[in-house]
Amino acid sequence: MAKEKGRKLIAQNKKARHDYHILDTFEAGLVLTGTEVKSLRQGRASLVDGFVQLDAREAWLYNVHVPEYTQGTWTNHSARRKRKLLLHREEIEKLESKAQETGHTIVPLALYFKDGRAKIEIALARGKKEYDKRQTLREKQDRREADRAMAAARRKQRGQS
């Protein structure tokens, strides 16, 4: 069997980018059981309530929902169990020092397979205030309207020539 190449996205946490200012991102490996990997290969997972906690110089992923594998037996995993993250010591130390600052947290952004191995993209983030969220949505909407206007102008110009 040929080893798969590239990045295959399983789940994304779009809410995290809406609720937080992303300061820095890290890629981490995951310690998983066999049925978790099979469930992930079916493209089933949710990062919505997930967060990362550091204790005893180890990073742990909490509240990420990986549903039980449908063909699993008594060996099946718990859907919301805590999972260990595989990071370099320097990365853990950097995260630990930054996360202790007021208002900072570590959130998962994306869960994916990279060259056949399960990886998670985590981010050091600071919570947004309500007015920041509204401003971000307004900027996104303004950008979309400007793009539409430019596309319409291009179509009109092409029609005249």
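Our subject is the structure that appears above.
In this text the structure is predicted, and so the values were computed from the model without any measurement. (Residues numbered from 1 in each chain as written. Predicted model: local features only at pLDDT ≥ 70, side-chain atom pairs only at ≥ 80, totals over all residues. Heavy atoms only, no water.)

Asks: Looking at this structure, I do not really get the overall build of the protein chain. What am I missing?
Replies: On a plain count of helices and strands, the protein chain comes out with four helices and seven strands. Each helix and strand of the protein chain, placed in order from N terminus to C terminus, yields the pattern β-α-β-α-β-β-β-α-β-β-α. Against the globule reference of 15 Å for 161 residues, the protein chain gives a C-alpha radius of gyration of 20 Å, more extended than a compact globule. For the protein chain, the spread of C-alpha atoms along the principal axes amounts to about 65 × 45 × 25 Å. Put simply, the protein chain has 161 residues, and 32% of those count as buried. At a minimum sequence separation of 6, the contacts of the protein chain that also span at least 24 residues come to 69%. (Helix = DSSP H or I, 4+ residues; strand = E, 2+ residues; numbered from the N terminus. Rg over C-alpha atoms; globule rule 2.2 N^0.38 Å. Buried < 20%, exposed > 50% of the residue type's maximum accessible area, 1.4 Å probe, protein only. Contact = heavy atoms within 4.5 Å.)

Asks: Sorry, what's going on with the pairing of strand β5 (residues 83-86) here?
Replies: In the case of a regular strand, side chains alternate between the two sheet surfaces. A one-sided burial pattern is seen for β5, the buried positions being R83 and L85 and the unburied ones K84 and L86. Pairing of strand β4 (residues 58-62) with β5 involves three bridges; the strand directions are antiparallel. By the bridge assignment for β5, A59 is matched with L85. (Pairing = 2+ DSSP bridges.)

By themselves, these figures tell us nothing about what the structure is for.
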